[in-house]
Amino acid sequence: MDMAEVALLLVAAAGAGWIDAVVGGGGLLQLPALFLAGVPSVQALATNKLASVFGTASAAVTYAVTTKIDKRVAIPAGLAALASAGLGASAAAAISRDALIPLVMAALVVVALFVTLRPAFGVHPEPHLGTRARTLAAIAVTGVAIAFYDGILGPGTGTFLIIAFTTLLGMDFVGGSAHSKIINSCTNLGALLVFAYQGHVLWLLGLGMAACNVAGAQLGARMALRKGAKFVRIVLLCVVIAMVAKLGIDQTGS
């Protein structure tokens, strides 16, 4: 790998960190950049997790300083996500990713339509929705279902987490993004531990990308906190559209 390819990967990691910190979906930049540099598929997925876990964790800390975190949700969902993502990564080889992609695309289209047709959704918090039943549902959906999906495939995980927290617990987009970073940090770590055990992580490259990912994540988190829920909503829609297009191109092979 020459210096130009390394430079491309570092720039892509910084951009991915920014996107992940705001709404998730940084893999849109980071993974294709790794593939473009000639990194084999499994090693690319593993190295992407190494870079991402540092970025999402740093963004989570930044959000936690200024945003109220509901520990009743964050702690149990985070612990569950660590295990579920690891199980997903372990099962990744046995599950057809090509079969999952159309389902993911359909889910992303529904998310885009839902957010577009309900312009007030996620702009203001609705704390009255945070009942015990909804809290348990949020833990199950984010800490188990979405976390397992992140271990297997991953695209859209951050977006799905934000929508889950916003829909189930009535958080605004900034609050949902803050909680999603905590869970996403755990899913990245769970998958990374499995990939590391299997020997697929390119540590030197991944740590260099992690430093750039953290820089981008810090910028993204601070912008989201400063500009508020409407800004996050716009970025979320843009990223969802880009993800649907990217997955569609990958699926058709064009």
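Let me begin by describing the structure that accompanies this report. What you are looking at is a predicted structure, and each value in this text was computed from that prediction instead of being measured.

### Focus: the overall build of the protein
Reasoning step 1: A count of helical and extended segments in the protein gives 10 helices and zero strands.
Reasoning step 2: By the compact-globule yardstick of 18 Å for 254 residues, the protein fits well, its C-alpha radius of gyration being 17 Å.
Reasoning step 3: By its C-alpha atoms, the protein is 55 × 35 × 35 Å across when sized along the principal axes.
Reasoning step 4: Per-residue burial over the protein gives 54% buried out of 254 residues.
Reasoning step 5: Taking the intrachain contacts of the protein between residues at least 6 apart in sequence as the baseline, contacts between residues at least 24 apart amount to 83%.
Reasoning step 6: Total accessible area computed for the protein in this model is approximately 11,000 Å², and 73% of it derives from carbon and sulfur atoms.
Reasoning step 7: Charge centroids of the protein, computed over 15 positive and 9 negative side chains, lie 13 Å from each other.

### Thoughts on the packing of helix H1 (residues 3-22) against helix H3 (residues 41-66)
Reasoning step 1: The geometry of H1 relative to H3 is characterised by a closest axis approach of 9 Å and an angle of 45 degrees between their N-to-C directions. Classed by the angle they form, the pair H1 and H3 counts as oblique. The element H1 and its partner H3 pack so that their crossing is right-handed. Residue-level contacts link Asp20, Ala21 and Val22 of H1 to Ser52, Thr56, Ala59 and Tyr63 of H3.

### Quick notes on the nonpolar core
Reasoning step 1: Val23, Leu108, Val115, Phe173, Val232, Leu236 and Val240 are the most contacted members of the largest nonpolar core, which has 55 residues in total.
Reasoning step 2: Broken down by element, the residue count for this core peaks at 11 residues, all from helix H10 (residues 229-252).
Reasoning step 3: Among all residues touching Phe173, those that are not within four sequence positions of it are Val115, Phe121, Gly122, Ile162, Ile163, Thr166, Ala229, Val232, Arg233 and Leu236.
Reasoning step 4: Ala13, Leu31, Leu34 and Ala44 belong to the second largest nonpolar core, which has 22 residues in total.

### Structural notes on the pattern of salt bridges
Reasoning step 1: For the coordinates displayed, the defined rule picks out two salt bridges.
Reasoning step 2: In this structure, Lys49 engages Asp150 in a salt bridge whose closest nitrogen and oxygen atoms are separated by 3.0 Å. In this pair, Lys49 is assigned in helix H3 and Asp150 in helix H6 (residues 132-152), connecting sequence segments 101 residues apart. Each member of the pair, Lys49 as well as Asp150, is classed as buried.

### Notes on the packing of aromatic side chains
Reasoning step 1: Here the structure, examined in full by the defined rule, presents four aromatic pairs.
Reasoning step 2: Between Trp18 and Phe231, the aromatic rings sit 6.2 Å apart at their centres with planes inclined by 80 degrees, giving edge-to-face as the arrangement. Remark: Phe231 occurs in helix H10 and Trp18 occurs in helix H1; sequence separation between them is 213 residues.
Reasoning step 3: The class of Phe231 is buried, set by a relative accessible area of 17%.
Reasoning step 4: Aromatic side chains Phe114 and Phe121 sit 4.7 Å apart centroid to centroid with 75 degrees between the ring planes, which places their arrangement in the edge-to-face category.
Reasoning step 5: The class for Phe114 is partly exposed, based on a relative accessible area of 29%.
Reasoning step 6: Look at Phe121 and you get buried, because its relative accessible area is 9%.
Reasoning step 7: Aromatic ring contacts, followed pair by pair, group Phe114, Phe121 and Phe173 into a single cluster.
Reasoning step 8: It is Lys227 that lies over the ring of Phe231; its NZ or CZ is 6.0 Å from the centre.

### Some remarks on the side chain of Thr135
Reasoning step 1: Considering the arrangement of structural elements, one finds Thr135 in helix H6.
Reasoning step 2: Every residue in contact with Thr135, bar those within four places of it in the chain, is listed here: Arg72, Val73, Gly130 and Leu169.

### Things to note about helix H4 (residues 71-91)
Reasoning step 1: Over its 21 residues, H4 runs 29 Å from end to end, which matches the ideal 30 Å to within 8%, given 1.5 Å per residue.
Reasoning step 2: Those residues of H4 that sit buried are Val73, Ala74, Ala77, Gly78, Ala81, Ser84, Ala85, Gly86, Gly88 and Ala89.

Calculation rules
- Throughout this description, residue numbers start from 1 for each chain and increase along the sequence as written.
- Only residues with pLDDT of at least 70 get local features here, since the model is predicted, and only at 80 or more are side-chain atom pairs given and counted; chain-wide, interface and lining totals rely on the full set of residues.
- Values shown for side chains rest on all heavy atoms present in the structure; no hydrogens or waters enter the calculation.
- In this description a helix means any DSSP run of H or I spanning at least four residues, a strand means any run of E spanning at least two, and both kinds are numbered starting from the N terminus.
- Every radius of gyration here is taken over C-alpha atoms, with the globule rule written as 2.2 Å times N^0.38, N being the number of residues.
- Any residue under 20% of the maximum accessible area for its type is buried, any over 50% is exposed, and the rest in between are partly exposed; the area is computed with a 1.4 Å probe on protein chains only.
- Whether two residues are in contact is decided by their heavy atoms, any of which lying within 4.5 Å being enough.
- Here the open area of atoms and residues is found with the Shrake-Rupley method and a 1.4 Å probe, where only the protein chains shown may cover a residue.
- Neither His nor the chain termini are counted; the positive set is Lys and Arg, and the negative set is Asp and Glu.
- The atom standing in for a charge is NZ when the residue is Lys, CZ when it is Arg, CG when it is Asp and CD when it is Glu.
- For helices, the fitted line uses only the C-alpha atoms of the stretch in contact; every axis is such a line through C-alpha atoms, and the angle between N-to-C directions lies from 0 to 180 degrees.
- For this classification, under 35 degrees means roughly parallel, over 145 means roughly antiparallel, 65 to 115 means roughly perpendicular, and everything else is oblique.
- Left-handed is the label given to a crossing in which the near helix is rotated counterclockwise from the far helix by less than a right angle, and right-handed is the label when the rotation is clockwise.
- Residues belong to a common nonpolar core when they are buried Ala, Val, Leu, Ile, Met, Phe, Trp, Tyr or Cys residues joined through side-chain atoms within 4.5 Å.
- One speaks of a salt bridge when a side-chain nitrogen belonging to Lys or Arg is within 4 Å of a carboxyl oxygen belonging to Asp or Glu.
- Any two rings among Phe, Tyr and Trp, with Trp reduced to its six-membered ring, count as a pair given centres within 6.5 Å; such a pair is stacked if its planes are under 30 degrees apart, edge-to-face if over 60, and tilted if neither.
- Geometrically, a charge over a ring is one whose NZ (Lys) or CZ (Arg) sits within 6 Å of the ring centre while staying within 35 degrees of the ring normal.
- Take the residue count of a helix, subtract one, and multiply by 1.5 Å to get its expected span.

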